Amino acid sequence: MEKTKLIIGASILLFGSMSVQAAKLQIDYMMLEADLEDVDEFEPDAIQLKYLNPVGPSTDIMGVFALGISDDKIEEFDPFFGTVSLSVDLATMFGIYVRAHADLGTNGQIFGQLGLVRLEYDLEAEIFGLSDSESYDEFGLAFGFGASFGFSEQTALVIEYNQLPDVDIEDIADIETTSLSVGLQMSF
C-alpha cells in the first residue's frame, strides 16, 4: 500500500508542476513478452498512455498508465489431466519515469529512461473443465531506451523497448517482462 501511495504522490507532483517547455502526450500500442519460468512465453498486448513533463533541457518526468487489450493463451493435452490451458493478460500498469534525451537533428531524439512501475497480471487456468483466475502484482524498477522521429514540431512517431519488474507468483515462479511499443507523441 505504501508503494501505491508513493506512486500517487509522485504522479500529483508530475501533473501539478508546470514548465515553460511544452508537455507531451503519448499513446502506444505495447507488445509484451511475459516469460513465465518453466512454463512458456506469453505475448499479451496493451494500450499505454504517457504524459511527459519537461523539467530541464534534456530531461522529462513521465507518468505511465497501461491497460491490457488482449491475452495470450496456451493449451496442451496431458494424458492424466486432459486439456490444460493457461492464459496471461496484463490487467494494469502504472508508474513514473525520468527520461533523458538527446536530439538527432531537427525532429528526432534518442532517449533512455529509468523508473518505478507497478504491474498487475491476470492469470486464468483451466484443468478438468474447471477454471480459476488469480491476479498477481509487483512494484519495482523499470528501464528502457528508444527513439522518436518527428513528423512536425507537434507530432512524432516513438519506438521504445523496456525491461519491466518481475512479477512473483506465490513463490512458485516469476513472470519476467519486456515490452516493445510503437506510438504517437503530441506536444501541447
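Quick summary incoming for the structure in this document. The shown structure was predicted, so the numbers you read here are calculated from the model rather than taken from an experiment.

Now for the overall build of the protein. A tally of helices and strands in the protein yields 1 helix and 10 strands. Listing every helix and strand of the protein by position from the N terminus yields α-β-β-β-β-β-β-β-β-β-β. When each of the 188 residues of the protein is scored for burial, the buried share is 41%. Once local pairs closer than 6 in sequence are excluded, the contacts in the protein between residues at least 24 apart make up 59%. Total accessible area on the protein stands at roughly 10100 Å², and carbon and sulfur atoms take up 61% of it.

Moving on: the nonpolar core. Across soluble globular proteins, nonpolar side chains show a tendency to be buried alongside one another. L90, M93, L119, Y121 and I175 are the most contacted members of the largest nonpolar core, which totals 27 residues. Elements with a minimum of two residues in this core: β1 (24–36), β3 (45–56), β4 (59–70), β6 (82–103), β7 (108–127), β8 (130–150), β9 (155–169) and β10 (173–187). Here this core gets 5 residues from one element, more than from any other, and that element is β6. Contacts of Y121, omitting those with residues within four sequence positions, involve L32, A34, V88, D89, L90, A91, E134, S135, Y136, V167, I175 and T177.

Next up on the list: the pattern of salt bridges. Under the definition given, this model contains 6 salt bridges. One network of salt bridges, in which partners are shared, links D28, K50, R99 and E160.

Together, E33, D35, E37, D38, E41, E43, D166 and E176 make up a region of like negative charge exposed at the surface. With respect to the helices and strands, D38 occurs in the loop between β1 and β2 (40–42). Classification of D38 by relative accessible area gives exposed; the value is 83%.

How each quantity is defined
Residues numbered from 1 in each chain as written. Predicted model: local features only at pLDDT ≥ 70, side-chain atom pairs only at ≥ 80, totals over all residues. Heavy atoms only, no water. Helix = DSSP H or I, 4+ residues; strand = E, 2+ residues; numbered from the N terminus. Buried < 20%, exposed > 50% of the residue type's maximum accessible area, 1.4 Å probe, protein only. Contact = heavy atoms within 4.5 Å. Areas by Shrake-Rupley, 256 points an atom, 1.4 Å probe, with all protein chains shown as cover. Core = buried A, V, L, I, M, F, W, Y, C linked by side-chain atoms within 4.5 Å. Salt bridge = Lys/Arg side-chain N within 4 Å of Asp/Glu carboxyl O. Patch = residues over 30% accessible without salt bridge, like charges linked within 9 Å, V, L, I, M, F, W, Y side chains within 5 Å. Lys, Arg positive; Asp, Glu negative; His and termini not counted. Charge placed at Lys NZ, Arg CZ, Asp CG, Glu CD.

So yeah, pure geometry; function would need other evidence.
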